[in-house]
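Residue-level structure breakdown
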Amino acid sequence: MGLNHVVSLAQSSTPFVASNFSSYKGQFWRRRARARARAKVVAFHGLTTPPYELDALEPYMSKRTLEVHWGEHHRKYVEDLNRQLEKNEQLYGCTMEELIKVTYNNGNPLPEFNNAAQVWNHDFFWESMQPGGSKMPGGGVLKQIEKDFGSFTNFREKFLEAAQSLFGSGWIWLVVKSREKRLAVVKTSNALNPLVWNDIPIIGLDMWEHAYYLDYKNDRTKYVNIFMDHLVSWHLVTARMVRAEAFVNLGEPKIPVA
Ligand SMILES: [Fe+2]
């Protein structure tokens, strides 16, 4: 903070006299410290609303599922994270991505990691879908999938296999692998996500029971097929690929191709 600012703030409440400037400066800093001590931050990260109405994904994902999944589970992750962050000033001011990487702590997660990752994962999941999501990507995204998986059918099978072979709760991802410079399907357990390996998520599918049980009971295969056939927002996938390409050179073809 510059000297002029200090002076102007001091003047705002008390006439300034050059001879006792240091005393005013001291008062300013003491007032500032008291104000800071009184200011209690009660929330660090808000609950993000899905980018559509809660019934907009019906009949493929019911309003009831969204009410429970977003309104209860996602909300609880946010609230629990905020409660944890209240007690850890060192994490104040981190973006959600920074928070995930810092609390992952090189594979020795801090207590905040699970809630931070689950908040991010769910925001990403809601945005991975759209009402009337299409079955196939177009243009450059399709070409990149064909380049890295051989065909769209192969990609789809890999995604389904990953979901079927996931033990317990977790996530299935289409990612851009930063080091290998290619697309890949990966699965992660519990809250873990590919950001911790510096890979760039493109699609995220929630494979926790709360995501599908109300609509599909234990039929995970049906849930994944419905997701791939009716819910994926290839429009947003294209936008995410464009962003990813700013960080990772995927080579030809350029994405997106109009
Ligand atoms: Fe979930």
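Preceding this section is the structure that the text describes.
Calculation notes
- Residues numbered from 1 in each chain as written.
- Predicted model: local features only at pLDDT ≥ 70, side-chain atom pairs only at ≥ 80, totals over all residues.
- Heavy atoms only, no water.
- Pairing = 2+ DSSP bridges.
- Helix = DSSP H or I, 4+ residues; strand = E, 2+ residues; numbered from the N terminus.
- Axes fitted to C-alpha atoms, helices over the stretch in contact; angles between N-to-C directions.
- Contact = heavy atoms within 4.5 Å.
- Salt bridge = Lys/Arg side-chain N within 4 Å of Asp/Glu carboxyl O.
- Buried < 20%, exposed > 50% of the residue type's maximum accessible area, 1.4 Å probe, protein only.

We now examine the sheet that holds strand β1 (residues 170-177). The strand order across the open sheet built from 3 strands is β2-β1-β3, with neighbouring strands paired in antiparallel fashion. The open sheet is flanked by β2 (182-189) and β3 (200-206), the only strands paired with a single partner. Across this sheet, the average inter-strand angle for adjacent strands is 20°, counted without regard to direction. Of the strand pairs in this sheet, β1 and β2 are connected by 8 bridges, and their pairing is antiparallel. Counterpart to Val 176 in the pairing with β2 is Leu 183. Across the sheet, helix α10 (residues 234-247) lies against β1, β2 and β3, angled at about 145° from β3, the strand it touches most.

Right, let's get into the pattern of salt bridges. Summed over the entire model, instances satisfying the criterion amount to 7 salt bridges. One salt bridge in this structure joins Arg 83 and Asp 80, with 2.7 Å as the shortest N-O distance. Of this pair, Arg 83 and Asp 80 both sit in helix α3 (residues 63-86), 3 residues apart, roughly one helical turn. Assessed through its relative accessible area of 47%, Arg 83 is described here as partly exposed. Where Arg 156 meets Asp 229, a salt bridge forms, and the shortest distance between an N and an O atom there is 2.6 Å. With a gap of 73 residues between them, Arg 156 in helix α7 (residues 152-165) and Asp 229 in helix α9 (residues 220-231) connect regions that are remote in the sequence. Because the salt bridges share partners, they merge into one network encompassing Lys 63, Arg 64 and Glu 67.

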